[in-house]
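# Residue-level structural notes
Take a look at the letters that make up each chain.
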Amino acid sequence: MIKSHDQWSKLGEEYLGEHNIAWAEKMESYPTQVPGSGPLTLMKAIMNDYWADVRGPTKDWPAEHVDMVMAKLYWCWVAWLEATHVDLAEEWKVEDE
């Protein structure tokens, strides 16, 4: 879905895995969906899984867990930006370091 990765979107792609990304792409394929609906819906699902559906406060997460969740959310944001701002996507291209 993402044409041009930076280090965090690439990490998010690894954490999400093929199944979740394919699900977001399938959401985009329905004729009634607007561009960006797949990544945005996946972002909502991630927030539900790690925050809204968790009973009680989410405290004491190790840094690796925070990085994993944030990288997934970041991937969704970048995919949404590319889907909704096609004309600007090339300007945002960041080369991997």
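One can find the structure itself at the top, above this paragraph.
Residue numbers here run from 1 along each chain, matching the order of that chain's written sequence. In view of the model being predicted, local features appear only for residues whose pLDDT reaches at least 70, and side-chain atom pairs are presented and counted only at 80 or more, with totals across whole chains, interfaces and linings using the full set of residues. The basis for every side-chain value is the complete set of non-hydrogen atoms in the structure, without hydrogens or water.

In this model, helix α3 (residues 63-84) (22 residues) spans 31 Å end to end at C-alpha, consistent with the 32 Å of a helix rising 1.5 Å per residue. Here's how the labels work: a residue is buried when its accessible area is under 20% of the maximum for its type, exposed when over 50%, partly exposed in between, all with a 1.4 Å probe on protein chains only. For the purposes of this entry, the term helix denotes a DSSP run of H or I that reaches at least four residues, the term strand denotes a run of E that reaches at least two, and both are numbered from the N terminus. Along α3, the residues that are buried comprise M68, V69, A71, K72, L73, W75, C76, V78, A79, L81 and E82. A contact between two residues is defined here by any heavy atoms of the two lying within 4.5 Å. Looking at the buried positions of α3, the neighbouring elements they touch are α1 (7-29) and α2 (37-52). One less than the number of residues in a helix, times 1.5 Å, gives the span that helix is expected to have.

Turning our eyes to something else, we now look at the nonpolar core. Inside soluble globular proteins, nonpolar side chains tend to come together where they are buried. Here, nonpolar core means buried Ala, Val, Leu, Ile, Met, Phe, Trp, Tyr and Cys residues that are tied together by side-chain atoms lying within 4.5 Å of each other. Counting 15 residues, the largest nonpolar core has L16, L42, I46, W75 and C76 as the members making the most contacts within it. Those elements that place two or more of their residues in this core are α1, α2 and α3. Per element, the largest residue contribution to this core is seven residues, and it comes from α3. Each residue touching L42, except ones within four places of it in the same chain, is listed here: L16, N20, W23, A24, W75 and C76.

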